[in-house]
Amino acid sequence: MKLGRLSQQGIVFAIFIAMFAGFAIFLHGFATTDNMLALLQNVAVLGILGLGMALVVIGRGVDLSLIATLAVPPGLVLQMVQDGSSLPVALATALLLTVAFGLVNGWLIAYAEVPALFTTLATGLFLAGFGQALLFKLDVVQWSAGLDGFEKLGQGAVLGIPMPIIVFAITCVIVAGLLTRTRIGAYVYAIGDNPNAARATGVPTRPVIVLEYVLAALIGCLAGLVMAASVNSMPTRIYNSTWIYDVILVVVLGGIGLSGGRGGVVNVVIGTLLIGTLLNGMTIMDMSYSAQNLIKGVVLLAAVIADSFLNPRNEETAQQGDI
Amino acid sequence: MEAFVRFKSKYWPDHLLGEILSKRWTETAIPVIVLLIVAFALSRSIDGFLSPVALADQARQAGEIGFIVLGMGLVVIVGGIDLSVGSMWALADFCALYCLDVLHLPVAAVIIVTLLFGALLGAVNGFLIGYLRLRAFITTLITLIIYRSAYDLLIQEHSNEIAAAFPDFPSWNFIGGGDVFGVPSVAIAYAIVAIFGHVFLTRLRPGWHITAIGGSRRSAYNSGIAVRRTIALCYVASGVLTATGALFFAARLGTVGGDVGVGLEVTVLTAVVLGGISLGGGKGSVAKALVGTLIVLLVTNGLTTLSVRGGYQRMTLAAILLVAAIIDIRWLKNRMRIISKVYVTPAYNYLPPPPPTEIGAGGPFEQNDKLRDVSLIGLGRIEAPEDVILDRHDNLYAGSRHGDIIRFFAPDYERMEVFAHIGGQPLGMAFDKQDNLYCCIGGMGLYRIAPDRTVAKATDETNRSWLSVNDDSRLRLADDLDIAPDGRIFFSEATVRYEMHEWPVEGHEARGNGRIVCYDPNRGTTRTVLRGLKFPNGICIASDGQSILFAETFRCSVSRYWYDGPKAGKVETVLDNLPGYPDNINLASDGNYWLAIVGMRCPALDLAWRMPGFRNRMSKRLPLDEWLFPNINTGCVVKFNEKGEILESFWDLHGANHPMITSMREHRGFLYLGGIANNRIGRYKLANADPDFVQYDKRWGRA
């Protein structure tokens, strides 16, 4: 890479460093080990979701149903244990539901050719409604005695490092391995880069797309389990929040273009760190939620504008259908 | 059995299916059907669903949301997306109520300020996406967050002031809840905007620019469209339309609750996609936006009214959306494939066994080799001279495949030049009294080339027939012409269902798709005079000056049509059951007529023409190049008279000089031969012909 042609992740990383340094110097209590761990812990779930999203976005898709997979299958685990099932049975059922959901998503997108944006919007709505109508008795599914020990997934620590961070790290390694070391990963990039060319060269595009969405759903379910374990409940109304937009921001800010075929796990980590640092610093400064959002938005906008100046796109280089 | 086939072929309008499907508006068919089903189901299960009060209430909400869907639709058509509409909606709602309740501005000023505010919010998006060329999805996602948090901060400060105020202005109340003859104010405003939007998108230049940019941004840019400005303005329009909807919303409810507009972008996006406006750009219409809005609104409101539990409501909504989207996408994707399967609908075309042409069989069509020794003009220097004509100074004109009219100079026709460039394939030609050369151009219409070589379009459209599905006003394949003594031009159009290069398909179909059109240069009018002809081709004014002789290629006949005089409007068959496919007709020096026969019939196609079902299966199951088409095997020139007698025929048995003959023209004792597949013009010395015969002089008198 030539000097002066910073990529988007470079810019975002630079902003992250600058912000981190600024907070470390000016904010009391920011640059402490405890705060660092808290920062990471807070964004670990977001980061895990980001990985699932990244997998799909690299394959030129998008998965807006991630929050539903985060809420409903883990909520089902809590509910089933509450109702007297054993933990393994509950986990197996939730896993089954997640895989089935991922398959439906993938089938709709790959075989029925419904745009991913629209499919996952609708299936997410469906899954949330399914949970609300048929699975859960209350909006917040409570922890029960049968789950004891499972909370370590969210609250435990290994060598002083909280479990969510470790789960995030492990997921990072797995996804990175999948994307860079396996044939499937290469297919995902090929499909994201040019689906028609990939298909013409004999890549089984449709099965690979289905696999992407199944994996994304599984990752979303994992994030949900971590979240439930760390707060000892599953607030299923989280589906109504705009959290999914944060997930997309993590991915896109990190430098994974929505047009697909570019980026990797590193980008998700950078995006997660930026958002995490920003939120953590503002929380220490005791800003209101809305003000935090406002500043977050402005910083993000600055990052995207800087990218467009450093990596200008014009009508010749822009990809058709790249929104 | 054959009588039944003939009857069915004549009266059963199976060709209409393909024509209806080819209409652009059938793209919206699936969303409309979904809308009807939803409306029907809801009206059956909810009492008073169709009552005026309920409808007015629906219309109010539909109008408010509908404005945003129009804006979003515009942005999606131009190839972007606007996720910030929900937040813009909330901010515009706040702006209107703040101006009214806190600043106490007059209602007119409130409207103006709110719309300007919406434009400003949209302009931020537009500037970032249009001029800075950020990605639309991520940019509007960020402005969604920024606008939403700005709104949250603002209502923290001012919601109490707004909640405390009770504005009471008749005009404000009219916006919120007024109606005209029961039609809510917002619905009227929406109707006006929607109609303008439809005209804008389909009839005005900026609307075309928007569709062009969405279809292919690069091509639009390269063809000089102001891509950046247009894109930016689309986002501004989205902001203004959102603010308009919010204005009505503010006037109706007057609240600035925390959840105003939350998740609205999802509803709007759903409406856009359900209506059939494709994400990625280039396709969409106001009707689609309207249909999408209504579906989403009916489903959500209907489920609420049925007091379905929240969870089931979501599931139902999601399921309906998905099923509708799947069907719609399948339909859009396969529509062209279905059209290509059903558009070609062969018809019954009976011909009796042809008269013999073999040597020794006798009769006027008996083959000979008279044309073997013709001399050749412009060999290898001209391509596809469908028709040839000579002016009164003996120069020879012929069309060429390259869209030119070539002139060969008398006396030896060695020297040639491009007389005029038109751009389409020139077919039949004729001189009028002022030496203007009128020429039928395939795919373009009727053109006039003045003696000073200026090319002018004479006509390219005729009156549209009321009952046809295809728009038949545009000329697709003007073929041959002749000019009546009073200057009226009669020309044939071979088909209204196919383009020029698809003429063999027309032969396969053998339906009466052709017509004869009259262009009157004195009054500048063009009218269709005769319809339902099977590939009308050559045209020649008959000796009485009140009728034309015209050839129908795939009916293998020549007929006479009276346009004036006591028999005006009548059609009579002159020649029937020709052994081949007739093409151009021209005057002979002895008062008879020359007729080119471009190819000879063969028993296989004659039989197939009597079996429409067989050819129908053929066109559905076989690739196009394996269908049965009329042969262009060998041809001849015959001379006939108005009584329908064949007097003489001229053949080129070996096809060495003239693989095909589409036209012939007699001039000073010679016969000049053209063929649309040839690279030459033939010149044949006629025995016993008037050596001074010039068609111009014969028709218009000696100058």
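## Here we look at the pairing of strand β8 (residues 426-431) of chain B
The side chains of a regular strand alternate between both faces of the sheet. Residues and elements named next belong to chain B. With respect to burial, β8 is a largely interior element, 6 of its 6 residues being buried. In this structure, β8 lies alongside strand β9 (residues 437-441), joined through 4 bridges in antiparallel fashion. Its bridge partner lying in β9, Ala 430 is registered against Tyr 438. Counting the residues that bridge the hairpin from β8 to β9 gives 5 residues, and of these Asp 435 lies at a positive phi of roughly 70°.

## Quick word on the pairing of strand β13 (residues 489-493) of chain B
Residues and elements named next belong to chain B. Burial analysis of β13 places 5 of its 5 residues in the buried class, which makes it a mostly covered element. Here β13 shows two buried faces, one formed by Ile 489, Phe 491 and Glu 493 and the other by Phe 490 and Ser 492. Pairing of strand β12 (residues 478-483) with β13 involves 4 bridges; the strand directions are antiparallel. What sits directly across from Leu 481, in β13, is Phe 491. Joining the antiparallel neighbours β12 and β13 is a turn of 5 residues, in which Gly 487 adopts a positive phi near 100°. Of the pairings in the sheet, the one linking β13 to strand β14 (residues 514-520) comprises 5 bridges and is antiparallel in character.

## With respect to the sheet that holds strand β18 (residues 557-562) of chain B
All names here are of chain B. If you trace the 4 strands from one edge of the open sheet to the other, you get β16-β17-β18-β19, paired in antiparallel fashion. The sheet is open, and its two borders are formed by β16 (536-541) and β19 (571-575), each paired with just one other strand. Ignoring which end each strand starts from, the neighbouring axes of this sheet average 30° apart. In this structure, strand β17 (residues 547-552) lies alongside β18, joined through 6 bridges in antiparallel fashion. Directly across from Phe 550, in β18, lies its bridge partner Ser 559.

## Observations concerning the sheet that holds β13 of chain B
Residue and element names in this part refer to chain B. Here 4 strands make up an open sheet; going across it, the order is β12-β13-β14-β15 and the pairing antiparallel. A single partner strand is all that each edge strand has here, and the edge strands are β12 and β15 (525-533). Pairs of neighbouring strands in the sheet enclose a mean axial angle of 20°, with direction left out of account.

## Thoughts on the interface of chain A and chain B
Listed per partner, the contact involves 44 residues of chain A and 47 residues of chain B. Sorting the residues of the side of chain A that touches chain B by element identifies α5 (116-135), α11 (243-253) and α13 (289-310) of chain A as the ones contributing at least two each. The residue inventory of the side of chain A that touches chain B, partitioned by class, reads 28 nonpolar, 10 polar and 6 charged.

## Describing the domain arrangement of chain B
Annotation of chain B at the domain level lists domain 1 (14-340) and domain 2 (370-459 + 471-700). For domain 1 of chain B versus domain 2 of chain B, the separation of C-alpha centres amounts to 55 Å.

What counts and what doesn't
- Residues numbered from 1 in each chain as written.
- Chains lettered and ligands numbered in written order.
- Predicted model: local features only at pLDDT ≥ 70, side-chain atom pairs only at ≥ 80, totals over all residues.
- Buried ≥ 20, exposed ≤ 12 C-beta atoms within 10 Å, placed from the backbone.
- Helix = DSSP H or I, 4+ residues; strand = E, 2+ residues; numbered from the N terminus.
- Pairing = 2+ DSSP bridges.
- Axes fitted to C-alpha atoms, helices over the stretch in contact; angles between N-to-C directions.
- Contact = placed C-beta atoms within 7 Å.
- Nonpolar A, V, L, I, M, F, W, Y, C, P; charged D, E, K, R; others polar.
- Domains from an automatic or database assignment.

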